[in-house]
Every structure is written in structure tokens, then in C-alpha cells.
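# Notes for the structure review
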Amino acid sequence: MDNQVPASSSLPTTMQVRAIVLYNYKGEKRILPFKLGQVNIITGESETGKSSIINILDYCTGRSSFKMFKAEGVNIGVVAWYAVHLQIGNMQVFIAKPPPKGNSKTQSEGYIKDGESVQLPEIQDIKLNTNDDGIDARLSNLLGIAPNKALSPSRAGQDPGQASLKHTKYFLFQGQNLVSNPEMLFWRQNDAKAGRHLSDSLYYFLGADQDERWEKEKKLQSYQQLLQKYETRHRVIELRRATQNQSMRTMLLQAQQVGLVANQVPDDEMLSLLRILIGEVPTTDSNTVIIANSPLEEERRRAQELNRDFRDKLREIDEMKEFRREAETFSSATQQHADRLRAVEVFTKDENTHEELCPLCSQTMDTPPPTVAMLTASLVRMQNGQNGVRRERPQLEQQITELENQLEDLREARRLAEERVKALQQEQDASGRLRDLELRAARMIGRIEEYLKSLELVTDETGLADSITNGKKKIEALKADMGSEDVKQAIDASLTLLTGAMTRWATELKMRYQGLPHQLDLYNMTVAAVRGPGNSITMENMGGGSNALGCHLIALVALHRFFIRYNKPVPGFIVLDQPSQVYFPSLQEYRNMLEGSNQEMTNLGGDVGAVQRMFKYLFDRVKELSPNLQIIVTEHANLDTPEYQQALVENPWVGGRGLIPHEWIKEVPPAEIE
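Residues numbered from 1 in each chain as written. Predicted model: local features only at pLDDT ≥ 70, side-chain atom pairs only at ≥ 80, totals over all residues. Heavy atoms only, no water.

The next thing to look at is the side chain of Asn24. Of note, Asn24 is situated in strand β1 (residues 15–24). At 3.1 Å, the side chain of Asn24 forms a polar contact with the backbone nitrogen of Lys26. Reaching out from Asn24, the side chain makes a polar contact with the side chain of Glu28 at a distance of 2.7 Å. (Helix = DSSP H or I, 4+ residues; strand = E, 2+ residues; numbered from the N terminus. Polar contact = N/O pair within 3.5 Å; in protein donor to acceptor, adjacent residues only side chain to side chain.)

Laid out in C-alpha cells, this is it:
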């Protein structure tokens, strides 16, 4: 089984797979070769190791988790080393890792060798000389991934992370459960740890340089933390000042109760007034008195005045409302009288009419009635009166409203005055044991003096307010400067290129929404067919596994087309695990295939035309991008077309053939590796 890796006449500019190599404990090699820059197909029965191709590539390129043959029922105890042979431009790299020891599920040590031409070593020449971090760093360097700060910090205060080879794997591997998954587009997208940096990695490899942005975000976090510290200190000072002011206010209210203070005192004058009261500062201010009129009596007089004003205002409102009612009564009466007087309009003025004759029976009346002219004049006067009442009504309503508002103000003032009277009464009652007002004042002065001795004045820290103001300005300026317009423009330009290709290829694959623009939705990490602004059908809503598969194929290949054309440091290969399964009635029918021929697929209800169309799409894309795209496909299907047969890396894995040679599985590994 020591078959050699074939040479290639045309080398890719990026990383592709030359071979997967397995070593058993005897040192025998199992070499699975691949052609660079071409479609490589592995076809065969179930449980022959096809799905482990991705896991071996992942494991040997720097992942510690060991997942080989986990679901395939293949004996893994016979493999001593798993290895990959890679081509990166003009360089070759050989990487080998042993399986974990005992029941461990991880293993991070390995062997690496690189050069312009690297021959597959013998097992005795493979010695551990690196670990997964070293493998990732070396491959990243050979790929040309420059030092960067592409990955957003994991938490506040951390530096941005660096994108490396392991962050390109999102775009390389499509496992059996992913390749046609309608809810997930990229490898390990739903892995909480690995998927966290998917968006950052995609932005970076699409050409969005966010290094400067992360630096600014780090600086912004620093500013925000410092501002929070300043504001917390400021709140503490303000709280202490409020407490201090309240204690001084309490002192002054008590001083006012015993007649030492006559009037209310502004906050900024309280301390100086307290000092005046104990004689520290001389004053002629009329705000302090030796013995003043009782504040309780003053408050009682004020409350009485407010009560009187309240009653006067209430009476004034009642009078205005009475006037309004009388005006309304007058208006109603004049309206009725005016309605009766309008009857005079039925008579036409006649010069020969005798006013002493009844207009109805023509008999002479003892008292001549009013003339039509007199009645008409009376009607006009009544109408004028009504108009006057109507004009004055809005003004009257406004006056009543204003009076009622004034009444409410008086009601509130009266309530507050009564509360002050009650409070002062309580203070006076508490001081009733003192023989006179002078004694209470002397006691109060003593209390003030003791209070001032124990008082620690709260003062503003120098420049604290200015620091807060300047900090807010810096934060706002930095946020404005961090506007991701440049990043957005770069990403939009890249997405436009992707959309054009994806839309054409959706038609080639005869997807359900062919003809509509198909684009990569970076926000939701999916593919969407766009009907119009705000009206898109996402991959999960397109229906049918074939449409989901189509979304995966057009998105992944479009990304690699972009990476290749713009020389992005992403490996130039894609691995698709059993993509044609969606074209069969059930997964079981697909797995039941033995030969995978066209006739067998037809007999099992498979859509042979769709399978052929999918592979034609893969062959066409690889030709367009040759030699920089390599596609590795594992399959149950085995189309009889010449192009498909030429793409087979070796004979189908049936009848005991598989990734691990049948004769290896029969052997028992050495006791020391158990």
C-alpha cells in the first residue's frame, strides 16, 4: 500500500491537498492521493471511512479534538499516525499526528516538515516536534496570513484576536449533516466557541480591514471605564453634599423655630449663616435676629390669609358662574321673544293701511297696536342683545377657568401652610419645657457650634467636572470616528461580486427561485433570494433539500472565486461529504446503494438528472478557476459519465475496500498502545 503521490504539472497559488496518509503500527502506509486543481471523487458504500476525510484534514491542520470514524463503526486502533500532505504554492508540507492515548478525546502534539519537495517519511522518522498552535502558525505563515487584529475581543479589556488558518476552515468543509442543511451554511457555525468568530473571519477575508476599528474600540472601552469612574466619584460627592446640605438645612430650620433666623436661606449661604450665628463671622444681615416673632404665629397668620384668599376666590367663581347662568337665561328668553316677533315679517308695509284698524277683521280698535316698523325695531334690538351675549361667552368661560386654576393654587398653598403650622407646633411643644425663648436660642447656638466642629466639608475634586465633560466629548468623537463606513463599503463591494455569480449559478442548478438575485446575508449567515427591498426568501424558507444544497454550493464556490481572484490567504479547496443524498427519496435509500450506477440510482428513486447537473456545476467551476480550486467529494453515487469516472481518486470503496485497508483491521495493535 506504499503508493506514491502523483506529481502535478500546474501548481496552485494557495493551499490544496496532495494526499491523506495513514500509518499502521508496522509502519505501512495507506496513501489516498488527490489531484491538485481538479474535482476529486471518492465513492463507495456506507461505513467505509468517507465522512472521516474532513475530520482527518481538520485534525492534522491544528485541531486537537479527535473525531475520526466516530459514527462509522471502523476500528481506529490500527492507525498509529494520521497525516496530510499539502501543497502551498511552491512549498510542500507534511503534517502527522498520533491518535489520543487511552480514553482521551484530544491530542495536540504533532510532527511537521515543509520544503519545496517533501517525501513521505517512514514511520521511524516521524518524531513529535510541534503542537497544534505551532501547526496553525506555520500554515498561516505559509498561506500569507499577515499579523492582524481581525477578531473582536472575547470580553471587555481583551486585545483583538488574530485570524489564522483555523478561521478559514469555515469555508472549506461541508460535512454530511451540513452540506444541505437549510438552517446552517458554514462549518461549525452553531459551535458556540468556534462560531463566535465566523462573522469577523468572513469580514476579514472579504477585505474589510478592522484592525484600526478594534484598536479604537479598545480605546473607547478605556475611555468609558475612566468616565464611569469619574461619574461614580461625582455621584458620591453629590450624595455627600446633599446629605451635608440637608443636615445644615435641618439646623437652620430648628434655629428658625427658636427665633434665630427670620427668613428662608439659599443653599450657598447656609454655612456662612451658621458661622454667623455662633459668632465666628460678624454681620449686620437682617436675616438673623436675637429674638424674632414666633415662626408659629407667622405661619398661622399666613395660613389664615390663605384661607381668606381661598374663600374670596371661591365666592368670586360662584358669582361668575351665577352671571353665566343669568346670561344664558336672558339669551333663551330673548330668543323665544325674537321668534314671536319674526311673525311681523309676513305683513307688507302699505301706505294706505290704517294703524287703528285690526289687520285681520278691519274693525276699529280702542288701543292701536304697535306698527310693523316698531315691532321690527324691537326684533333687531333683541337680536343685537343675543349677539352680545354670544360674543362675551368665550371670555366669560376663560375667566372662570383662570379663577379655578388660581383656586387650586390657593388650595395647595393652604395645605402646605397648614403642614408647616403643624410641624412648628410640634417643635414648639417639644421646646415647651424651656422657660423662655432666649434659653432655647442659647441651646440651639450650642448645638450649631458642636455641629460645625464635627462638620467635614464636601468640596469638589479639582477638575473632576471638567474631566467628565471632556471625557464625554472624547467618547462621542471616537464613536463618530469609528463609523464603519469604510468597512461597509468594502463589504458591499465584495457582496456585489458574490451576488452576480450566485444569481447566475442558481439558474444553472435550476433552484426554485432562479432568476431572483441570490445573495449572501452576512447578518444571519445564510443565503437569501431577494424579491425586493425588505422582501427576501432565506435558505431555510426556500423548501426542499435540493434548494438548501444549491445555496451551499453557490455560496461556498462564490466565496472561493472571490478569494482566488483577489489573492486572499484562504486554502483553495472545498470538501463536500455526500451532497447528492438530497436527490433521493430518503437517506436510507441513498445509503442502500452498492454500485451507485445511473441505473441503480434510478431504481432507488434518485433524480439522476439533478445529480448530473450538480456535478457538471462543480466541474465547470473548477475549470474556470484552474488550478486554484480543488473540490473533494465523497459520494454513494457513481455516474457513468467519462468526466465523473476520470475524477475518481481510486476504485469505489465496495466489497471490503475503504479508507483503512481491510487487512489492517484484522490485525491486533501492539500491547503498548492499548
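And the narrative resumes.
Mean pLDDT over the chain works out to 81, with 76% of the residues at or above the 70 mark. In the model, residues 283–292 has pLDDT below 50 throughout and makes 23 contacts with residues more than four positions away in sequence or in other chains. (pLDDT = per-residue confidence, 0-100. Contact = heavy atoms within 4.5 Å.)

On to empty space enclosed by the protein. Summed over all chains, the structure comprises 5 cavities of 30 Å³ or more. In this structure, the largest cavity encloses a volume near 50 Å³. The wall of the largest cavity is formed by Met15, Val17, Leu57, Thr61, Leu86, Leu165, Lys169, Leu172, Phe173 and Phe573. Class assignment of the residues belonging to the lining of the largest cavity gives a composition of 8 nonpolar, 1 polar and 1 charged. Counted as a void, the second largest cavity has a volume near 40 Å³. In this structure, the second largest cavity is lined by Gln174, His552, Leu553, Leu556, Val557, Ile574, Leu576, Leu618 and Ile631. Put simply, the parts of the chain that give the lining of the second largest cavity at least two residues each are α11 (545–565) and β12 (573–577). Looking at which element gives the most residues to the lining of the second largest cavity, the answer is α11, with 4 residues. A class-by-class count of the residues in the lining of the second largest cavity yields 7 nonpolar, 2 polar and no charged. (1 Å grid on protein atoms, 1.4 Å probe; cavity = no way out; pocket = protein on both sides within 12 Å on 5 of 7 lines; lining within 4 Å. Points joined across faces, edges and corners; volume = space filled by probe spheres on them. Nonpolar A, V, L, I, M, F, W, Y, C, P; charged D, E, K, R; others polar.)

The relative placement of two aromatic rings is captured by the distance of their centres and the angle of their planes. Applying the stated criterion to the full structure yields 16 aromatic pairs. Taken together, a centroid distance of 4.8 Å and an interplanar angle of 80 degrees make the contact between Phe615 and Tyr644 edge-to-face. Highlighted residues: Phe615 in helix α14 (residues 608–624) and Tyr644 in helix α15 (residues 642–647), separated in sequence by 29 residues. For the pair formed by Phe615 and Tyr644, the shared burial category is buried. A connected cluster of aromatic rings, assembled from ring pairs, spans Tyr170, Phe171, Phe186, Tyr204, Phe205, Phe562, Phe563 and Tyr566. (Phe/Tyr/Trp six-rings, centres within 6.5 Å; stacked < 30°, edge-to-face > 60°. Buried < 20%, exposed > 50% of the residue type's maximum accessible area, 1.4 Å probe, protein only.)

Judged by nonpolar contacts, the single largest core of 111 residues is most densely connected at Phe171, Phe186, Leu520 and Phe615. If you tally residues by element for this core, the top one is α11, at 13 residues. With sequence-adjacent residues up to four places away left out, Phe171 is seen in contact with Phe186, Leu198, Ser201, Leu202, Phe205, Leu556, Leu559, His560, Phe563 and Ile574. (Core = buried A, V, L, I, M, F, W, Y, C linked by side-chain atoms within 4.5 Å.)

Within the open sheet, the 6 strands sit side by side as β2-β1-β4-β5-β6-β7. Their pairing is antiparallel. This sheet does not close on itself; its edge strands, each paired only once, are β2 (29–33) and β7 (130–131). On the sheet, helix α2 (residues 132–143) packs against β1, β4 (79–88), β5 (91–97), β6 (109–115) and β7 and is oriented at approximately 165 degrees with respect to β5. (Pairing = 2+ DSSP bridges. Axes fitted to C-alpha atoms, helices over the stretch in contact; angles between N-to-C directions.)

A rise of 1.5 Å per residue sets the reference length of α2, with its 12 residues, at 16 Å; its end C-alpha atoms lie 16 Å apart and thus fit the reference within 8%. Asp132, Ile135, Asp136, Leu139, Ser140 and Leu143 are the residues of α2 that are buried. Viewed end-on, α2 has its buried residues packed into an arc of 125 degrees, placing them on one side of the element. More than 90 degrees from the buried face of α2, the exposed residues found are Asp133 and Asn141. Where the residues of α2 are buried, they touch β1, α1 (52–60), β4, β5 and β7. Between the side-chain oxygen of the N-cap and the backbone nitrogen of Asp133 there are 3.2 Å, and the N-cap of α2 in question is Asn131. (Expected span 1.5 Å × (residues − 1). Arc of directions from axis to C-beta.)

Opposite charge on two side chains allows them to pair when their charged atoms are near. For the structure shown, the criterion picks out 21 salt bridges. Across the pair Glu412 and Arg415 runs a salt bridge whose closest N-O atoms are separated by 2.5 Å. One end of the pair is Glu412 and the other is Arg415, both in helix α7 (residues 372–430) and 3 residues apart, which spans about a single turn. Here Arg621 ties to Glu624 by a salt bridge, and the two come within 2.5 Å at their closest N and O atoms. Note that Arg621 and Glu624 are positioned in helix α14 at a spacing of 3 residues, about one turn of the helix. Residue classification places Glu624 among the partly exposed residues on the basis of a relative accessible area of 47%. Members of the salt-bridge network, linked through shared partners, are Arg30, Glu650 and Arg657. (Salt bridge = Lys/Arg side-chain N within 4 Å of Asp/Glu carboxyl O.)

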